[in-house]
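# A structural walkthrough
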Amino acid sequence: MPAQLSLREVSASRGDRPLLERVSMTVRPGERVGLVGENGAGKSTLLKILAGVEPPDDGAVVTDADGGVGYLPQTPVLPPGGTVADAVDEALSELRATERALRELEPVLGAGDAGALDAYGRLLIAFEARGGYEADARVDKALHALGLAGVGRDRPLDTLSGGERARLGLACLLAAAPEVMLLDEPTNHLDDAALAWLEDTLRAHRGTVVVVSHDRAFLERVVTAVVEVDADRRALVRYGGGYAGYVTERLAARHRWEQEYERWCAETEALAEAASGTARRVAPNRAMKDGNKMAYDRAGGRVQASVAGRVRNAEERLRRLRADPVPRPPDPLRFTARPVRAGADGLLATLDGVRVGDRLRVDALRIEAGGRLLVTGANGAGKSTLLRVLAGETDPDAGTVTRRGRVAHLPQEIPVPRPGDRLLAAYARGLPGAPDEQHEALLSTGLFRERDLHVPAGSLSDGQRRRLALARLLARPADLLLLDEPTNHLALGLVEELERALAAWTGALVVVSHDRTLRDRFAGRRYEIRGGRLLDAVAG
């Protein structure tokens, strides 16, 4: 029987915060579906519900596959106190059990037992369908491809790093080759070579894949459909055509919204004019014919009745339109560049001989008005430290730093200094304008809905905190933007919009990012921090 994977009218929550409300979804056999959405939207919860790890609050779930279902959480659950070999054996336990059953049936096959022969045939088909004979070879291949070839099978699991444990869990699941794979952020902790191998492996998988991922390059190369977990509506929205189809359909939906709003505005304006001006435009100063006052008055009565009916119809249609308005589409994200306050040399910021402990060394760095810099490097290399120095938030132990103009910094971790403040108050703090102006300005960004504005800042998800920080960044003009992992925690539709806003911005920009798509598209000079030292790369 083909694999079945479906949700019907499912609701789910985390504590007292609802995540999903009466959502339905069906994944067809052989599909590779990407689950996307901002952090905290409910993607991992949805995957756990599909895997049977967590029950929904309400609704029906069907997850069934003859070839087995494999689930990989972000933090894999490995045998406590075990070794690498124990983790591999546990992952392959179903295949091992099937192989033992085949061996046990082999001695009685020659006796002509029809039942045994039938059972052996069914087991053999299932075993071969999952590549049971190649399972051990797949383990070795996966461990090698994921950078674990040097890890001995007798290595205790509790001596592995978090990244090694995640890669081991992924290798074990891929080696087991279940028909249905449910993967939560499998690209974490992988280098470029391992990512390419994983993408090839999943594309070659003949079963079904449902994968949570924020990696746009991975989604573009692997998935055949995208399901977005909409945090605001607590709903699921499906897009066909892979990741490219998702991007295209979102842009088309935005265009349709704009057209619908324009039609609504035009129709309400026309009806309002009709209701107020029809009587004035019908037969003004109509002259009396033949001196027949009686006929004139009868005709005038008919005209007035017709006018009154048309006015009533226009007013009723106008009432209905205004009762169900088309909301105004939010403005596209736009960063505000102010007149550049560079010096005569055109520089906004300079670093000379800067040292911050043993974390960062910058011999010389020049950021010109309108300059665009991309900074890459391994985790912990000193990228965030560099941005904090440029922002004036960290003083160097040695060297000199100069700045001209206004610097705006989006940090990687968003602090919440007053968790009890409502979202609107947290947004407005320190910004100019009256409360109603700040209210309108925040809603115009499209980053939040009206119902979100009174949520305590301390209750916001990581994605909502990121959106709040981004909204405050948009509200203030700047000469130099410093963005530390700007795509983290955001829904991918917003990430695409953010990239378009950055491409259109004329001010200076320094970006730190691990996002492969952002890095591939970036036009500007590239730097790498290696061994704590900032190295100039070839300009993009």
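Structure: see above.
### Considerations on the packing of aromatic side chains
Under the definition given, this model contains four aromatic pairs. Relative to Tyr-246, the ring of Tyr-243 has its centre 5.5 Å away and its plane inclined at 40°; by these criteria the two rings are tilted. You can see Tyr-243 and its partner Tyr-246 sitting in helix H9 (residues 242–281), three residues apart, about one turn around the helix. Comparing Tyr-243 with Tyr-246 shows no difference in burial state: the two are buried. Look at Tyr-261 and Trp-264: their rings are 6.5 Å apart centre to centre, the planes differ by 20°, and that puts the pair in the stacked class.

### Observations concerning the nonpolar core
Membership of the largest hydrophobic core comes to 89 residues, with the highest contact counts inside it found for Leu-168, Leu-202, Phe-335 and Leu-481. Apart from the residues lying within four places of it in its own chain, the contact partners of Phe-335 are Leu-470, Leu-473, Leu-474, Leu-481, Leu-498, Ala-501, Leu-502 and Trp-505.

### Quick look at the sheet that holds strand E5 (residues 69–72)
One open sheet accounts for six strands, arranged E5-E6-E7-E3-E8-E9; its pairing is mixed. Of all the strands in the sheet, the pair left with one neighbour each is E5 and strand E9 (235–240). If you compare each strand with its neighbour and ignore which way they point, the axes differ by 15° on average. Relative to E9, strand E8 (residues 225–230) is paired through six bridges, and the arrangement is antiparallel. Of the residues in E9, the one forming a bridge with Glu-228 is Val-237.

### Re the sheet that holds strand E2 (residues 17–27)
Ordered by their spatial adjacency, three strands build an open sheet running E2-E1-E4, and the pairing between neighbours is antiparallel. For this open sheet the edge positions go to E2 and strand E4 (58–64), each flanked by a neighbour on one side alone. In this sheet, neighbouring strand axes are inclined to one another by 20° on average, regardless of whether the strands run parallel or antiparallel. Two elements, strand E1 (residues 4–14) and E2, share seven bridges in a ladder whose sense is antiparallel. Within E2, the residue paired with Ser-6 across the bridge is Thr-26. Of the strands in this sheet, E1, E2 and E4 are in contact with helix H1 (residues 43–51), which crosses E1 at around 130°.

### Regarding unusual backbone geometry
Phi at Ala-177 takes a positive value of approximately 50°, unusual for a residue other than glycine. Along the polypeptide, Ala-177 turns up in the loop between helix H6 (162–176) and strand E6 (180–184). For Ala-177, a relative accessible area of 16% puts it in the buried group. Residue Arg-234 is not a glycine yet carries a positive backbone phi of 55°. Following the sequence through the fold, Arg-234 ends up in the loop between E8 and E9. With relative accessibility at 22%, the residue Arg-234 sits in the partly exposed group.

### Digging into the pairing of strand E7 (residues 208–212)
With respect to burial, E7 is a largely interior element, five of its five residues being buried. Where burial is concerned, the two faces of E7 agree: the one with Thr-208, Val-210 and Val-212 and the one with Val-209 and Val-211 are both buried. Bridging between strand E3 (residues 32–36) and E7 involves four bridges; their strand directions are parallel. Its bridge partner being in E7, Val-33 is matched across the sheet by Val-210. Inspection of the sheet shows E6 paired to E7 by five bridges, in the parallel sense. Bridge assignment links Asp-184 to a residue of E7, and that residue is Val-212. Tracing the backbone out of E6, into helix H7 (residues 192–204) and back to the parallel element E7 gives a crossover that is right-handed.

Basis of the calculations
Residues numbered from 1 in each chain as written. Predicted model: local features only at pLDDT ≥ 70, side-chain atom pairs only at ≥ 80, totals over all residues. Heavy atoms only, no water. Phe/Tyr/Trp six-rings, centres within 6.5 Å; stacked < 30°, edge-to-face > 60°. Helix = DSSP H or I, 4+ residues; strand = E, 2+ residues; numbered from the N terminus. Buried < 20%, exposed > 50% of the residue type's maximum accessible area, 1.4 Å probe, protein only. Core = buried A, V, L, I, M, F, W, Y, C linked by side-chain atoms within 4.5 Å. Contact = heavy atoms within 4.5 Å. Pairing = 2+ DSSP bridges. Axes fitted to C-alpha atoms, helices over the stretch in contact; angles between N-to-C directions. Right-handed = clockwise from strand over helix to strand, strands pointing away.

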